[in-house]
Amino acid sequence: MNKNQKFLIGTVGALLTGVAIGLLVAPKKGKDTRKLIKSKANDIGSTVKTKASDLGGTAKDTYEKSLEELSTLADRLKEGFLKNVNAVKGKAETVADNVNEKVRSTVHNG
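All residue numbers refer to position in the chain's written sequence, counted from 1. Reporting in this predicted model follows two pLDDT cut-offs: at least 70 for local features of residues, and 80 or more for side-chain atom pairs to be given and counted; totals over whole chains, interfaces and linings ignore these cut-offs and use all residues. In computing side-chain values, all of the structure's heavy atoms are included and hydrogens and water are not.

Q: Any chance you could explain the overall build of the protein here in plain terms?
A: Only runs of H or I of at least four residues qualify as helices and only runs of E of at least two qualify as strands under DSSP, and these elements are numbered from the N terminus. Looking only at helices and strands, one finds two helices and zero strands in the protein. Taken along its principal axes, the extent of the C-alpha atoms in the protein is 120 × 15 × 10 Å. Whether a residue is buried, partly exposed or exposed follows from its accessible area with a 1.4 Å probe, protein chains only, as a fraction of its type maximum: under 20%, in between, or over 50%, in that order. The buried share of the protein, reckoned over its 110 residues, is 5%. If the 20 positive side-chain charges of the protein are averaged to one point and the 12 negative ones to another, these points end up 15 Å apart. Note that His is not counted, nor are the chain ends; the positive residues are Lys and Arg, and the negative ones are Asp and Glu. The location of each charge is read from NZ of Lys, CZ of Arg, CG of Asp or CD of Glu.

Q: Sorry if this is basic, but what is going on with the environment of Gly 45 here?
A: Looking at the element boundaries, Gly 45 is found in helix α2 (residues 30-109). With 34 residues separating them in the primary sequence, Gly 45 and Glu 79 have C-alpha atoms 51 Å apart.

Q: Mind showing me how you'd approach a positive patch on the surface here?
A: Here, patches come from residues exposed beyond 30% relative accessible area and free of salt bridges, joined within 9 Å for like charges and within 5 Å for nonpolar side chains (Val, Leu, Ile, Met, Phe, Trp, Tyr). For every accessible area listed, the method is Shrake-Rupley and the probe measures 1.4 Å; residues are considered covered only by the protein chains on display. Whenever Lys or Arg places a side-chain nitrogen within 4 Å of a carboxyl oxygen from Asp or Glu, that contact is recorded as a salt bridge. A surface patch of positive charge is lined by Lys 29, Lys 31, Arg 34 and Lys 35. Mapped onto the fold, Lys 35 is located in helix α2.

Q: Would you take a moment to explain a nonpolar patch on the surface for this structure?
A: Side chains of Tyr 63, Leu 67, Leu 70, Leu 73 and Leu 77 sit close together on the surface and give an oily, nonpolar patch of about 540 Å² of accessible area. If you trace the backbone, Leu 77 turns up in helix α2.

Quick look at the structure:
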């Protein structure tokens, strides 16, 4: 559970506790109490919706950032691989040239 989820749970818990204490300490007529409960429920719903939206945006941002980082890493790996392939190819050509030269030398001297 990340910090945002813990914050959301704490916020909802605090709101519910505040509503319960408010109803117990300052009782009103049933009609007024129902209005208060409806109002607080709407407030809680808005808070949860906002936090859920924030978490969704954070997850999307994290996903997109991860994709960018993976793309960059893939490019670096590709560059490194091609560099190593070219280095090996150059060494192989040098070895082949040396072998070819020694064979010619041996054929001419032999």
